[in-house]
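Report on the structure
Listed below, chain by chain, are the residues.
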Amino acid sequence: MTTATEQQHMAGPLSAAVAHLCTRLQPQVSARTAAGFREVLRRLSAPLQVAVAGRIKSGKSTLVNALIGRRVAPTDVGECTRLVTRYQYGTVDRVEVVFKDGRKQVLPFDVGGMIPNDLEVDFDEVSHLEAYLTNAVLRDLTVIDTPGLGSLDAASVKRTEELLGVAGGSARHRAFDGTDEGTEGKEDEKEDDDADLDPTSRNAVAGAEAVLYVVTQGVRADDQQALAAFTAATASREAGPVNAIAALNKADTIAPESVQGSDGDVWKAASLIAEKQAATLKPRVADVIPVIGLLAESAESGGFTSADADALRQLAALDDATWETMLMSADIFVSWECDVPTGTRTRLLEKLDLYGIRCAVDALRADPELTAGALRRRLLDASGLAKVRGRLDAVFRARADGIKAAAALASVTALAHASGDAGERQRVHDAIEVLLAKPEAHQLRLLEALTLVTSGAVNMPDDLAEEVLRVGSNADIGDQLGMKGRPQRELSAFALERAGWWRSFASFGATPAQSRVAHVVHRAYFLIWQQLREQAG
Ligand SMILES: Nc1nc2c(ncn2[C@@H]2O[C@H](COP(=O)(O)OP(=O)(O)O)[C@@H](O)[C@H]2O)c(=O)[nH]1
Ligand SMILES: [Mg+2]
């Protein structure tokens, strides 16, 4: 199983420290646990795994195509939309079907360069698809397309849950507290002691490390259910504002007149709805970003052609009355008497939908000289994709090291738990404690404390929870202290003051669970203070 991604370096010092721990522990644990550690090591050196999750038909695959910059994921119906597909970097474009028994079979792309919509294999035997693409975006991000939790098809839901590590994956949550209650996973123990991973262990290491939730405006009952199920599932793991962001997709389909304060503007309406959703999802998701996945896909993946631009130019020449009538609905747009062939109009609708078509024609009317390339860039701007990319960079890429290291440590603990050997469990626990006591690994403890608080596992008064969130989810000291741009001396004094406050809170007035978090926050402030002092020379 050698892939190009394996040669990649660790995301950073935290990942390297956890990798070192795995390597050191390997000779001291059972063959089965050691096999799990090998898998953890492999994952540590691979790019961050981001799952795109959400209700079926929310536009997940469309967004995946937009992000990768290539129309490769099948959208709408078809067998493959019911499968988990992992898009990762490779030196040659290739798709593999991975069967449940571990067998693999190379799958040709279809004529359009997409993953074929229907597999000519026994669908029930299929575990998932692996797509290797040469796209640069995938060098430090593996994107995982999921069928969606709101799907009515039980098998698709199961596949998604397995990927996210929901099924039986709760052991990961105990990563740092070292408590010892779970015994799940025992049923697999009687099997032979070969190096293969049992399902429990596989589950413990297989989950995605970060999540992009895709939501849409129309919140139906099953939509909310899917989100609730998903949030519950990920809350018991490491998901939190550090590794979960949300996109409000299909912003173009929002009727602005139904949103108070939108002034009839689609983007304003979308932003207002996104804000509301952010309040609902808070604090698990830091931000909800409106986006038009379809426009982004067409503009980014070569779907929008110069022939499309020519057709739009023709439409831009229509008189206002005709044009406004045609834009009233998709049906009218296609059926209205007009020189642009019906087939061409249908194609434009598929690629841009009415909102995108209106955008393009407005742009062409304002500037008839606009080239096809410039028009494509306008559409990309109108899609809002840049903001999603920016957030992915800020939230995931920049913190890949901490996220990956935390997920790996959680897996290591889960593996030791699943072994059912108390001695082994203790050895692993002790080794993790030694690692976490080092100042350079404190970031990991802080991430865990943050997750405990934001998931509600440890209750904190709102203002304190917000402070933990601020300190734990920012990389820059100014941001951590909420005092960006202030003089060093002020930062230093504040860090010291808060360090003292959290220490006394840990000793007096806190519950035992709060106290554990408080100690971590105290130390975080102390380390910040120390760092500021070193910087000051
Ligand atoms: N109007 C509009 N349609 C979209 C948008 N994003 C996706 N779609 C359409 O929604 C349908 C479902 O998209 P798909 O990506 O297959 O959803 P998935 O099931 O979540 O993967 C497809 O017909 C897409 O073209 C969008 O931003 N605007
Ligand atoms: Mg899909």
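So, here is what we can say about the structure in this document. (Residues numbered from 1 in each chain as written. Chains lettered and ligands numbered in written order. Predicted model: local features only at pLDDT ≥ 70, side-chain atom pairs only at ≥ 80, totals over all residues. Heavy atoms only, no water.)

For the rest of this paragraph, the subject is the packing of helix H18 (residues 462-473) against helix H21 (residues 512-536). Two elements in contact, H18 and H21, have axes separated by 11 Å at closest approach and are oriented at 50 degrees. Between H18 and H21, the crossing angle belongs to the class labelled oblique. For the crossing formed where H18 meets H21, the hand is left-handed. For the pair H18 and H21, contact is made by Glu467, Val468, Arg470 and Val471 and by Val517, Val521, Ala524 and Tyr525, respectively. Residue composition of the contact of H18 with H21, grouped by class: six nonpolar, no polar and two charged. (Axes fitted to C-alpha atoms, helices over the stretch in contact; angles between N-to-C directions. Helix = DSSP H or I, 4+ residues; strand = E, 2+ residues; numbered from the N terminus. Parallel < 35°, antiparallel > 145°, perpendicular 65-115°, else oblique. Left-handed = near helix turned anticlockwise from the far one by under 90°. Contact = heavy atoms within 4.5 Å. Nonpolar A, V, L, I, M, F, W, Y, C, P; charged D, E, K, R; others polar.)

Remark: helix H3 (residues 60-68) packs on helix H8 (residues 293-300), axes separated minimally by 8 Å, with the N-to-C direction vectors making an angle of 35 degrees. Seen from above, H3 lies across H8 with left-handed handedness. Listed contacts from H8 to Thr62, Leu63, Asn65 and Ala66 of H3 are Gly293, Leu294, Ala296, Glu297 and Glu300. Residue composition of the contact of H3 with H8, by class: four nonpolar, three polar and two charged.

This part covers the site of ligand 1. The local shell around ligand 1 holds 18 residues, among which Lys57, Lys60, Thr62, Asp76 and Asp353 are the closest. Between ligand 1 and the protein, one listed contact pairs an oxygen atom with a side-chain N or O atom of Lys60 at 2.8 Å. The separation between an oxygen atom of ligand 1 and a polar side-chain atom of Thr62 is 2.6 Å. Look at ligand 1: alone it shows 580 Å² of surface, and the protein chains cover 89% of it. Sorting the residues of the shell around ligand 1 by element identifies H3 and H8 as the ones contributing at least two each. With three residues, the top contributor of residues to the shell around ligand 1 is H3. Of the residues that constitute the shell around ligand 1, the class distribution is three nonpolar, eight polar and seven charged. (Near = heavy atom within 4 Å. Polar contact = N/O pair within 3.5 Å; in protein donor to acceptor, adjacent residues only side chain to side chain. Areas by Shrake-Rupley, 256 points an atom, 1.4 Å probe, with all protein chains shown as cover.)

Before going further, it helps to examine the sheet that holds strand S2 (residues 85-89). Spatial strand order, S4-S3-S5-S2-S6-S1-S7-S8-S9: nine strands in an open sheet with mixed pairing. Here the strands that pair on one side only, and so sit at the sheet edges, are strand S4 (104-107) and strand S9 (288-290). In this sheet, neighbouring strand axes are inclined to one another by 25 degrees on average, regardless of whether the strands run parallel or antiparallel. Against the sheet, helix H14 (residues 385-396) contacts strand S1 (48-54), strand S7 (210-215), strand S8 (244-248) and S9, and its axis sits at roughly 175 degrees relative to S8. (Pairing = 2+ DSSP bridges.)

The buried fraction of H3 is high, at nine of nine residues. Immediately beyond the C-terminal end of H3, within one or two residues, lies Gly69, with a positive phi of roughly 80 degrees. (Buried < 20%, exposed > 50% of the residue type's maximum accessible area, 1.4 Å probe, protein only.)

What follows is about the packing of aromatic side chains. Under the criterion given, the structure shown has five aromatic pairs. Members of the aromatic cluster, each reached through a chain of ring pairs, are Trp501, Trp502 and Phe505. It is Arg70 that lies over the ring of Phe109; its NZ or CZ is 5.1 Å from the centre. Between the NZ or CZ atom of Arg94 and the centre of the ring of Tyr132, over which it lies, the distance is 4.4 Å. (Phe/Tyr/Trp six-rings, centres within 6.5 Å; stacked < 30°, edge-to-face > 60°. Lys NZ or Arg CZ within 6 Å of the ring centre and 35° of its normal.)

The next subject is the pattern of salt bridges. Tallied over the entire structure, the rule returns 20 salt bridges. Among the ionic pairs, Arg42 bridges to Glu39, the shortest N-O distance being 2.9 Å. Placement of both Arg42 and Glu39 in helix H2 (residues 31-44) is noted, with a separation of three residues, approximately one turn of the helix. Here Arg42 falls in the partly exposed class, since its relative accessible area comes to 26%. Ionic pairing is found between Glu300 and Arg389, a salt bridge with its closest N-O pair at 2.8 Å. Note that Glu300 is positioned in helix H8 and Arg389 in helix H14, a separation of 89 residues in sequence. A residue is classified by how much of its surface remains accessible, and Arg389, at 24% relative accessible area, is partly exposed. Put simply, Glu300, Arg376 and Arg389 are held in one network by salt bridges that share partners. (Salt bridge = Lys/Arg side-chain N within 4 Å of Asp/Glu carboxyl O.)

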